Amino acid sequence: MNVAHYFDTMSYGSAPESDSEARQWLAAHQDGFGHFINGRFTAPSEVSFTTLEPATGEVLATLSEARQDDVDAAVKAARAAQPAWAALPGHSRAKVLYALARIIQRHARLIAVVEALDSGKPVRETRDIDIPLAIRHFYHHAGWAQLQSSEFPDHSPIGVVGQIIPWNFPFLMMAWKIAPALALGNTVVLKPAEYTPLSALLFAELTAKAGLPEGVLNIVTGNGAAGALLAVHEQVDKVAFTGSTAVGKWIRQATAGSGKSLTLELGGKSPFIVFEDADLDAAVEGVVDAIWFNQGQVCCAGSRILVQEGIAEDFHSRLRERMSRLRVGQPLDKCIDMGSLVAPVQFDRVQAMVQQAVAAGASLYQPEIEMPSGGSFYPPTLLSDADPSSAIMCEEVFGPVVVSMSFRTFDEAIAVANHTRYGLSASIWSESINQSLEVAAAVQAGIVWINTTNVMDAGVGFGGKKESGFGREGGREGCFDYLKPDAWMKAPMRKDAEALPIETSRTAEVLDRTAKLYIGGRQVRPDGNYSRAVVSPRGVSLGDVGEGNRKDIRNAVEAARKATSWARTTTHNRAQILYFLAENLSIREAEFASRIRQMTGVTMKQATAEVEASVSRLFTYGAWADKYEGAVHQPPIKGMALAVPEAQGVVGLICPPESPLLAMISLLAPQLASGNCSVIVPSESSPLSATDFYQILETSDVPAGVVNIVTGNAMELADTLSKHNDVDALWAFAGPAITHCVEENSTGNLKRIWSGFDRQIDWLDPIVGEGREYLNRATDIKNIWVPYGE
Ligand code: NDP
């Protein structure tokens, strides 16, 4: 070999990173690790498991398997430490987080090597991406701790947080979870993944040196059963989970009705869309980062290439050529592109999915490159010609496997990109900024990258739509997921609605007045043709309303879905319609007040105050419609990230029994302002304010389908709405039994559920009755990364 040879082939040798320090650390723990509880390690348990080095299959360490007692002890320590930790001035917590960032920085090399050994990923990635990003999370959130009292003055920490993380980014995901939780005054019990627990335990050892008080961070190791114990623990106030959609759904169901806050960051099948005006070489390099970074074991991996027909052949040939130069090798070799999958079971899962795709007719390309022996190394893989509805096109592989298909038109690209149950991320490649931003707006994803991919930052929120989960991690919006609003928490807990009054008298004039349902902009008879009496608290019949059923809900959801272009009307127009509703309601103030008085038994003065507050509330959201805006982040790239609040789509609203007009308007108006379409189930006991409101809707230019109203049994209608997979979110304010039901039912498409913390609030009080809390809940933030320059 001579210089000319190397110049021609561009081949280069290996450059192994030393593992001696990491091996020494492991040797010091050869008797096994205990759990980290209350600032110290417990003795290693007799019930243990091992973690293996994926690249060799060798045993690295023995860990303790957490049982109920261990989880109890960890949660107890976190509970005991929480009040004092929360009571510290923000500056004191900021200093601790700052110290944690510094201590990681000082041990960065050791952590990077331990991480590469335990997970099989290239040390180049742990060294240059995972650990620096983890450090950035601690610095960034030290900042939020410092600013907490000025930036979140009306919020308090949630309490004890159970955090469950996967094996693909063990250290980064840990930092990502614990930095915001701790910064804002929560304490944590964390369960790392069974395959990759070591870097979390190394971190635990380091925390004592950084002055983290005992009990603030606790780590229990174990398998999914340990995670389940933590998720359902009654002393855990919030669960933050990252992992598979299947387990995320299980946690949603298992915690239903418990009052726990929940954030889920789940899987994806993210589109990587290449338009014919893209810089093709850059896009090919983008694919390398999208799907071969971390061997494709990345929730936001660009695993579906959609390439415009005219350039498809050229693009694929460049891609195949690039694949033939990828290097798969030992994780500690600094000159490799890909290391080992995390475990043989993951290898088997990936291999089975590829074999199944090929058997179903997909074309396979795997370059003829040198593959290491042993371990769980899987080659970079490109599949094409797959059936659009086949498993390989729809399901997450979580391996170095990308599937590619072509599209013709812009509209087709969007349709195919959104044809998935997931909605985590999307990567768009085009030299036209107009086209890119239009796709960014249309694609259903929480994170969008334009001409880049897989970039992340602590200051930019991360999280998905649809079955990719809910909640955001990072940035200001991520902070809200670790806080609760003080004013709400002062309100008493809501109780389930009392039994409806029994009809004792009926006046002749109400006999023929059965209010219909309001669906698709029209008053329609209920499908079952049944009605129910509306009775005053003293037993006097006030009229009848339609008894909505499953079919009525289906029609209402269909009408709402057809109207979702409402999200694209200008915010100015939405504001105008809210003001128009207010004006028309105000004109009929006396009539609405009288109705409220009849239904609820309040005085005329109180009823008038409710109508006036409803008019004011419509004004509030008319005001907000063009002012609830996003942010422009400046992450450490040459470019920016646009944080845009987006409508969620179709939202079900289960109204409480009390304040029948005002509560309904308080739930509806933020949806109108945000661009959502609603299916309302009005107060079960006092639905006539809602049915009277039909005429206000009809005279205020509200487009058909944007608001739909189905009267009837609240529990039955909530049950149906929560099981409907075309409803994106559900606000259930009608008591804990309904909250439990809808949370449990919501897993089909992982609806966002909000129950107003199950508090009995005073709707007349604007501090809890209106404002940002509602708008935050009515929208999802989409973060669009826009790099600039060459
Ligand atoms: P899981 O979702 O099972 O694991 C994620 C974490 O949850 C781990 O700590 C796991 O523990 C824990 N866990 C498992 N079951 C429960 C439970 N019932 N209650 C609470 N916690 C639980 O992912 P897998 O490791 O099994 O990977 C399977 C597939 O999931 C992958 O092939 C990939 O498709 C997807 N995945 C997606 C990730 C993402 O970021 N979106 C991350 C990881 C996987 P333990 O590891 O000990 O079993």
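The protein chain carries the name Aldehyde dehydrogenase AldA in an unreviewed UniProt entry, which gives Granulosicoccus antarcticus IMCC3135 as its organism. Check the Sequence similarities (unreviewed entry) section of the UniProt entry for the protein chain; it says "Belongs to the aldehyde dehydrogenase family."

**Topic: a negative patch on the surface**
There is a patch of like negative charges on the surface, built from Glu276, Asp277, Asp279, Glu431 and Glu790. Mapped onto the elements of the fold, Glu790 is located in the segment after strand 33 (779-787).

**Examining the pairing of strand 10 (residues 261-265)**
Among the 5 residues in strand 10, 4 count as buried, and that is most of the element. Sheet topology note: the strand 9 (residues 238-242)/strand 10 ladder contains 5 bridges and is parallel. Among the inter-strand pairings, Thr242 is bridged to a residue of strand 10, identified as Glu265. As for the winding sense of the linkage, the β-α-β connection from strand 9 through helix 10 (residues 245-254) to strand 10 is right-handed. Bridging between strand 10 and strand 18 (residues 469-470) involves 2 bridges; their strand directions are antiparallel.

**Re the layout of surface pockets**
Here the second largest pocket is characterised by a volume of approximately 1400 Å³. If you go around the second largest pocket, you meet 50 residues; those closest to its centre are Ala441, Lys465, Ala567, Glu646 and Ala647. The set of elements that each furnish at least two residues to the lining of the second largest pocket consists of helix 16 (433-442), helix 20 (571-587), helix 22 (604-625), strand 27 (639-647), helix 23 (660-674) and strand 33. The biggest single contributor to the lining of the second largest pocket is strand 27, with 5 residues. Looking at the lining of the second largest pocket residue by residue, the class counts come to 18 nonpolar, 15 polar and 17 charged.

**Thoughts on the site of the ligand**
Around the ligand sit 28 residues, and of these Ile165, Trp167, Glu194, Ser244 and Arg349 come closest. Between an oxygen atom of the ligand and a main-chain N or O atom of Glu194, the distance comes to 3.1 Å. Within the backbone of Gly224, one N or O atom sits 3.4 Å away from an oxygen atom of the ligand. Relative to its unbound accessible area of 850 Å², the ligand is 87% covered by the protein chains. At the level of elements, helix 9 (224-232), strand 9, helix 10 and helix 13 (344-359) are the ones that each hand at least two residues to the shell around the ligand. Among the residues making up the shell around the ligand, the classes are represented as 14 nonpolar, 10 polar and 4 charged.

**Details of the UniProt feature "active site" (unreviewed entry) in the protein chain**
Following the UniProt record, the feature "active site" (unreviewed entry) maps to Glu265 here. Relative to the elements of secondary structure, Glu265 occurs in strand 10.

**A closer look at the UniProt feature "domain: Aldehyde dehydrogenase" (unreviewed entry) in the protein chain**
According to UniProt, the positions carrying the feature "domain: Aldehyde dehydrogenase" (unreviewed entry) are residues 46-484 and 534-753. Strand forms 17% of residues 46-484 and helix 44%; the C-alpha atoms that close the span are 40 Å apart. Regarding residues 534-753, the helix share stands at 50% and the strand share at 18%, and the terminal C-alpha atoms are separated by 28 Å.

**A word on the pattern of salt bridges**
Per the counting criterion, the structure on display carries 36 salt bridges. Three or more residues joined by partner-sharing salt bridges are found here, namely Lys465, Glu646, Arg752, Asp780 and Lys782.

**So, the domain arrangement of the protein chain**
Looking at the protein chain, the domain boundaries give domain 1 (32-266), domain 2 (271-463) and domain 3 (496-638 + 646-777). Computed over C-alpha atoms, the centres of domain 1 and domain 3 are 40 Å apart. Contact between domain 1 and domain 3 buries roughly 820 Å² in total, counting both sides, with carbon and sulfur atoms accounting for 59%. For the pair domain 1 and domain 3, the interface holds 1 salt bridge. For the salt bridge of Arg252 with Glu743, the shortest nitrogen-to-oxygen distance reads 3.3 Å. Remark: the boundary between domain 1 and domain 3 carries 4 residue pairs in polar contact (both at pLDDT 80 or more). Per element, the largest residue contribution to the side of domain 1 that touches domain 3 is 4 residues, and it comes from helix 10.

Calculation notes
- Note on numbering: residues in each chain are counted from 1, in written sequence order.
- Restriction of local features to residues with pLDDT of at least 70 applies here, the model being predicted, together with a cutoff of 80 or more for giving and counting side-chain atom pairs; totals for whole chains, interfaces and linings are based on all residues.
- Computation of side-chain values covers all heavy atoms of the structure but excludes hydrogens and water.
- UniProt positions are given in the numbering used here, feature names are shortened, and annotations may be inferred rather than shown by experiment.
- The patch calculation keeps residues exceeding 30% relative accessible area without a salt bridge and links them within 9 Å when they carry like charges or within 5 Å when they are nonpolar (Val, Leu, Ile, Met, Phe, Trp, Tyr).
- Areas reported as accessible are Shrake-Rupley estimates using a 1.4 Å probe. Residue values count occlusion only from the protein chains shown.
- Note on definitions: salt bridges are taken to be side-chain nitrogens of Lys or Arg within 4 Å of carboxyl oxygens of Asp or Glu.
- Charge counting follows a simple rule: Lys and Arg are positive, Asp and Glu are negative, and His as well as the terminal groups are ignored.
- By convention, the point assigned to a charge is CZ for Arg, NZ for Lys, CD for Glu and CG for Asp.
- Put simply, DSSP marks the helices as runs of H or I at least four residues long and the strands as runs of E at least two long, and each gets a number from the N terminus on.
- Throughout this description, buried means an accessible area under 20% of the type-specific maximum (1.4 Å probe, protein chains only), exposed means over 50%, and partly exposed covers the range between.
- The rule for pairing is simple: two strands pair if DSSP sees at least two bridges between them.
- When the strands point away from the viewer and the path from the first strand over the helix to the second turns clockwise, the crossover is right-handed.
- Think of a 1 Å grid over the protein atoms and nothing else: a 1.4 Å probe that fits but is trapped marks a cavity, an open set flanked by protein within 12 Å on at least five of seven lines marks a pocket, and residues with an atom within 4 Å of a point count as lining.
- Grid points are joined across faces, edges and corners, and a volume is the space filled by probe spheres set on the points.
- Residues are grouped as follows: nonpolar covers Ala, Val, Leu, Ile, Met, Phe, Trp, Tyr, Cys and Pro; charged covers Asp, Glu, Lys and Arg; every other residue, Gly included, is treated as polar.
- If even one non-hydrogen atom of a residue comes within 4 Å of a molecule or strand, that residue is called near it.
- Counted as a polar contact is a pair of N or O atoms within 3.5 Å, where, for protein atoms, one must be capable of donating a hydrogen and the other of accepting one, and residues adjacent in sequence contribute only when both atoms are in side chains.
- Here the bounds of each domain stem from an automatic or database domain assignment.
- Accessible area that two parts lose when put together, evaluated with a 1.4 Å probe and summed over both, is termed the buried area.

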